[in-house]
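Breakdown of the fold
Below are the chains, spelled out letter by letter.
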Amino acid sequence: MSADSIKILVAGDVVGKFNSLFSRVRSVLKKNGQFDMLLCVGEFFNGAESIQQFQSYINGKEKVPIPTYILGPCNMDNCIYYQDINGCELCPNLTYLGKTGIYTSSSGLQIAYLSGKQKINNDINKTDAEFNNEDIQSLIVPMTTDSRFKGVDILLTSQWARNVEKYSTPVEGEFSSIDSGSEAISQLCLVLKPRYHFVGLEGYHYERAPYRNHQILSESTNHVTRYIALAPVGNREKRKFLYAFSIKPMSRMDQTELTKQPDDVTERPYTPQPTTQPTTAQPTTEINPVFFDTKSQNPDTKRKKQHQGGQGRSVKKHQAQPTGPCWFCLGSPQVEKHLVVSVGENVYLALAKGGLVPDHVLILPIGHYQSTVSAPDDVVNEINSYKKALRKMFKQEKKEIVSFERNYRTQHLQIQVVPIPVSTAGDELKESFLDCAQSQQTSFELHEIPKMSDIKQIVPEGAPYFYVELPSGDKLLHRIKKSFPLQFGREVLAGAEILDMTDRIDWRNCKYSIDEEKEMAAEFRKLFQKYDFNL
């Protein structure tokens, strides 16, 4: 461990179990040596019965073994145990940080903290167990008015950030941060860019995969955030409630060390909202609708707003119209419907015209969308469902799938899915794509992007691109600047190392009669029926 590193323990809701917590801390110290501090998130007290136990720490009969810093109450019943709601020492070695602020240690470590739960209506009057927009502003303004600001080392909040599970594994059981998480905290994370974010309250231990604080290919590389939820002390389910780690203050790190990206990094789960940062240097008592839109806090209200006319139809993202005849809008007379093999709610599956192989298929939206980037979430989710079903089907055939999209000189989103033998789906496949890109008459770069990344956060809407997903989970992207070989995806897969059918690179050389196409579609439909989630 670096001499500059600080050793820290973090605990979830203590809920009055002070002896249990500090007994465990003493065991950790005995086994692992001294730590610099203990941080506690969630509810620290638990009503009248807990104060009797805490009295022994106040009068000195019991000692807090390590400098300990806690957040304020989330329940009004526990407010009475804080002599000063703005921050105070509760007993020797135990400090209540306050409602909100930045604690900077002697080593330069910056810890941002926000106590309580979000007030969910537009009344600026709040209890001591709640926070509102004024509290958020008081955290943001001092940071963002400093041109040297890069982020904070640690953020402590009791309440979860909303939608934090996006792009990562879900929380165990039925819990979802969409229901109880705070959108204000999500937006706060976008501004403060904490390297670690600790939360409590919900009873779960959850360590999210690190997420990046920049957009790939369009922003400078930034450090990642690690989000960790901790369970209550002494919980019956034996979930983890104490977390140990060491951290070097950001102020003492060079840029290369600070921005190193771990292998499992994902896109940031939060969507920036308008006016995330204040436009003035002074906090305001006016409620910012971005942080405190009551409709966004109540999931039931949100779901009601997503329907219109009482018919249960989801409100769609504004749909572009084709500039001329479209061969792929399912309602268009130009569509060759005999090639269609499955129809879902928003997406359909069809054999490719002049396919590279007989079971080469296209995944296409029923309505008109130009690309994955411009398509709404329900369309993208259904596209992914089709990919998953096709993987299962072809796995039984001892095949893997390669899927690619060319958003260039085409007006309708097309995901090409080509099955290849398992024997050709290894590392050589990625090398074939990279080598072929360099061997073109006008060579270009294919950039490897993280496996958990979301192309919507990398490519702006309307920008042309080529994007391929490989069986290994690797993803390759090229942002098209001038020109691009239209048959590139087929050219790679038709190569001698993969399918060895270079005579079929151009789809126009692979035509079948209508009767042959109908027979091929019928055979594929029968094979896919077992995996078709629409049936």
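None of these values were measured; they are calculated from a predicted model. (Residues numbered from 1 in each chain as written. Predicted model: local features only at pLDDT ≥ 70, side-chain atom pairs only at ≥ 80, totals over all residues. Heavy atoms only, no water.)

**Thoughts on helix H1 (residues 18-32)**
The following threshold applies: A run of DSSP states H or I qualifies as a helix once it reaches four residues; a run of E qualifies as a strand once it reaches two. Both are numbered from the N-terminal end. Expected helix span is computed as 1.5 Å times (number of residues minus one). The buried label goes to any residue with under 20% of its type's maximum accessible area, the exposed label to any with over 50%, and the partly exposed label to all in between, with areas taken from a 1.4 Å probe on protein chains only. Working note: the arc is built from the helix axis to C-beta atom directions. Contacts: residue pairs with any heavy atoms within 4.5 Å of one another.
Here H1 is 15 residues long and its end C-alpha atoms lie 21 Å apart, about the 21 Å a rise of 1.5 Å per residue gives. For H1, the full list of buried residues reads Phe18, Leu21, Phe22, Val25, Val28 and Leu29. Viewed along the axis of H1, the buried residues span an arc of 115°, placing them on a single side of the element. Every exposed residue of H1 that faces more than 90 degrees away from the buried side is listed here: Lys30 and Lys31. The inward-facing, buried residues of H1 abut strand S1 (6-11), strand S2 (37-40), helix H2 (48-58), strand S3 (68-70) and strand S15 (242-247).

**Some words on helix H3 (residues 133-144)**
For clarity, the threshold we go by: As used in this structure description, the phrase polar contact means that two N or O atoms lie within 3.5 Å; if the pair is within protein, one of them must be able to donate a hydrogen and the other to accept it, and residues adjacent in sequence are counted only when both atoms belong to side chains.
With 12 residues, H3 extends 16 Å between its outermost C-alpha atoms, agreeing within 8% with the 16 Å of an ideal straight helix rising 1.5 Å per residue. For H3, the full list of buried residues reads Asn133, Asp135, Ile136, Gln137, Leu139, Ile140, Val141 and Met143. Its buried side turned inward, H3 meets strand S6 (100-104), strand S7 (110-114), strand S9 (130-131) and helix H5 (183-192). Its side-chain oxygen 3.1 Å from the backbone nitrogen of Glu134, Asn132 forms the N-cap of H3.

**A short note on unusual backbone geometry**
Positive phi is not limited to glycine here, since Asn93 has a value of about 75°. Inspection of the secondary structure puts Asn93 in the loop between strand S4 (88-91) and strand S5 (94-96). Among the residues examined, Asn93 registers a relative accessible area of 32% and is labelled partly exposed. Look at Lys193: it is not a glycine, yet its phi comes out positive at around 50°. Positionally, Lys193 belongs in the loop between H5 and strand S11 (196-199).

What is shown is where atoms sit, not what they do.
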